[in-house]
Amino acid sequence: MRKSITKIQNYKKEGKKISVLTAYDYSTAKYLDQAGVDMILVGDSLAQVALGYDNTTEVGMDEMLVFVRAVSRAVENALLVADMPFMSFQLDKSETMKNACEFIKAGANAVKMEGSSDFVIECIKHLTQNGIPVMGHLGFTPMSVNSLGGHKIQGKDADRTIDILKDALRLQSAGCFAIVLELLPLQSSQFISQRLRIPTIGIGAGKFCDGQVLVSDDLLGKYDRFKPKFARQYSSLKDIIFNVAKAFCQDVEEGVFPSTKESFMLELEEIEKLENYR
Ligand code: KIV
């Protein structure tokens, strides 16, 4: 059974750190889930790492839904969160509700929304009051990369940190069950985390958040167009894939793949018939 929102929130009270990873396809999601990751996020980062777009604003609901359905088929234990993509929650409250419902119907347990504008707060209230759990996202919010002037650390002084805390408290009051804090100094995210009832999930925000999230392609060493300073790379899947593909090409060229064991055989008498065919 998948973890509930209450269970995830209790981890904060119990002092248990929450692990979150992104997943976009069935088999990766299955292994992350089996390994015991608490939450799996179908992030709009799939725009870059799975679809090759330049940034997250290019991915839409239709594309996101395909990935949410695939991941949902694999996830048995983790809480599954779907990221609301650009333009899916900025236009109109009922459109936001409709899109969030699409994700829930596709198998997600909750949705994630970036930002804290009055409109976003209204939407979060609308969703949570109607039974759709929402995770917030503050600090660096990738959809606003153009107005933030690039991938910049947020909350770099006391005043800005307090501003983010105020936004986080508004998200908490609106009903968010957790908040992602992206690209913050560790003291800022510690200050904010200590003042919230709900868990914070950090990415590039230091060790004092209540949980940590990474893009799985960064962790696995699969995406090489950009390597964030904060991401720990546990393997080099890109080299493994490259070397495996090279070995396959070589085996095909040399005629050593497929072997007899990897082939299907006709019965002897059928072979004889073919040999006698004129
Ligand atoms: O899209 C994503 O993967 C995210 C995480 C980086 C938090 O929003």
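Placed above this text is the structure.
Note that the structure is a prediction, hence the values are computed from the model and not measured. (Residues numbered from 1 in each chain as written. Predicted model: local features only at pLDDT ≥ 70, side-chain atom pairs only at ≥ 80, totals over all residues. Heavy atoms only, no water.)

(A) Highlighting the state of the cysteines. Tallied over the full model, the rule gives 0 disulfides. In this structure cysteine 101 is a free cysteine whose sulfur lies 13 Å from that of cysteine 123, the closest cysteine sulfur available. Given the relative accessible area of 31%, cysteine 101 is considered partly exposed. Left unpaired, cysteine 209 is separated from the closest cysteine sulfur, that of cysteine 176, by 15 Å. Residue cysteine 209 is classed as buried on the basis of its relative accessible area of 0%. (Disulfide = S-S within 2.5 Å. Buried < 20%, exposed > 50% of the residue type's maximum accessible area, 1.4 Å probe, protein only.)

(B) Molecular detail of the pairing of strand 7 (residues 200-203). Here strand 7 shows two buried faces, one formed by Thr200 and Gly202 and the other by Ile201 and Ile203. Here strand 6 (residues 178-182) pairs with strand 7 via 4 bridges, running parallel. Looking at strand 7, one finds that isoleucine 179 is bridged to threonine 200. Handedness of the crossover is the feature at issue here: the chain leaves strand 6, passes through helix 9 (residues 186-194), returns alongside strand 7, and the resulting connection is right-handed. Pairing of strand 7 with strand 8 (residues 211-214) involves 2 bridges; the strand directions are parallel. Within the sheet, the bridge partner assigned to isoleucine 201 lies in strand 8 and is glycine 211. (Helix = DSSP H or I, 4+ residues; strand = E, 2+ residues; numbered from the N terminus. Pairing = 2+ DSSP bridges. Right-handed = clockwise from strand over helix to strand, strands pointing away.)

(C) Spatial organisation of a negative patch on the surface. The grouping of Asp251, Glu253, Glu254 and Glu262 at the surface amounts to a negative patch. Assignment of secondary structure puts glutamate 254 in helix 11 (residues 237-254). (Patch = residues over 30% accessible without salt bridge, like charges linked within 9 Å, V, L, I, M, F, W, Y side chains within 5 Å. Areas by Shrake-Rupley, 256 points an atom, 1.4 Å probe, with all protein chains shown as cover. Salt bridge = Lys/Arg side-chain N within 4 Å of Asp/Glu carboxyl O. Lys, Arg positive; Asp, Glu negative; His and termini not counted. Charge placed at Lys NZ, Arg CZ, Asp CG, Glu CD.)

(D) The arrangement of the site of the ligand in detail. Near the ligand you find Thr22, Leu41, Gly43, Asp44, Ser45, Asp83, Lys112, His137, Ile203, Val213 and Val215, and these make up its full shell. For the ligand, an oxygen atom lies 2.9 Å from a polar atom in the side chain of aspartate 44. One nitrogen or oxygen atom from the side chain of aspartate 83 is found 3.1 Å from an oxygen atom belonging to the ligand. Protein coverage of the free-state accessible area of the ligand, which is 260 Å², stands at 96%. Here the residues of the shell around the ligand are counted per class, giving 4 nonpolar, 4 polar and 3 charged. (Near = heavy atom within 4 Å. Polar contact = N/O pair within 3.5 Å; in protein donor to acceptor, adjacent residues only side chain to side chain. Nonpolar A, V, L, I, M, F, W, Y, C, P; charged D, E, K, R; others polar.)

(E) Highlighting the pattern of salt bridges. On inspection of all chains with the given rule, the structure shows 12 salt bridges. Ionic pairing is found between arginine 160 and aspartate 157, a salt bridge with its closest N-O pair at 3.6 Å. Note that glutamate 270 is salt-bridged to lysine 273, the shortest N-O span being 3.2 Å. On the criterion of helical spacing, the pair formed by glutamate 270 and lysine 273 is a turn pair, its members being 3 residues apart in helix 12 (residues 268-276). Among the charged side chains, a salt-bridge network with shared partners connects Lys3, Lys16 and Asp38.

(F) How the structure looks around the nonpolar core. Counting residues in hydrophobic clusters, the biggest one holds 60 residues, and the most contacted among them are Ile40, Phe103 and Met113. Among the elements that make up this core, the one with the highest residue count is helix 4 (residues 61-74) (7 residues). Residues in contact with isoleucine 40, not counting those within four places in the same chain, are Leu21, Ala23, Ala29, Leu32, Asp33, Val71, Val75, Ala78, Leu79, Leu80 and Val81. Residues Tyr11, Val20, Leu41 and Val213 belong to the second largest nonpolar core, which totals 17 residues. (Core = buried A, V, L, I, M, F, W, Y, C linked by side-chain atoms within 4.5 Å. Contact = heavy atoms within 4.5 Å.)

(G) Spotlight on helix 5 (residues 93-105). For helix 5, with 13 residues, the first-to-last C-alpha span of 18 Å sits near the 18 Å given by 1.5 Å per residue. Along helix 5, the residues that are buried comprise Thr96, Met97, Asn99, Ala100 and Phe103. Angular distribution of buried residues about the axis of helix 5 spans 165°; they occupy a single face of the element. On its buried face, helix 5 sits against helix 4, strand 3 (79-83), strand 4 (110-114) and helix 6 (118-129). In the stretch just after helix 5, glycine 107 is the one whose phi turns positive, near 115°. (Expected span 1.5 Å × (residues − 1). Arc of directions from axis to C-beta.)

(H) Region of interest: the packing of helix 8 (residues 158-174) against helix 9. It is the contact of helix 8 with helix 9, at a shortest axis distance of 10 Å, that shows an interaxial angle of 35°. The crossing of helix 8 and helix 9 is right-handed. Between helix 8 and helix 9, the residues in contact are Thr161, Ile162, Ile164, Leu165 and Ala168 and Ser188, Phe191 and Ile192, respectively. Grouping the amino acids of the contact of helix 8 with helix 9 by side-chain chemistry returns 6 nonpolar, 2 polar and no charged. (Axes fitted to C-alpha atoms, helices over the stretch in contact; angles between N-to-C directions. Left-handed = near helix turned anticlockwise from the far one by under 90°.)

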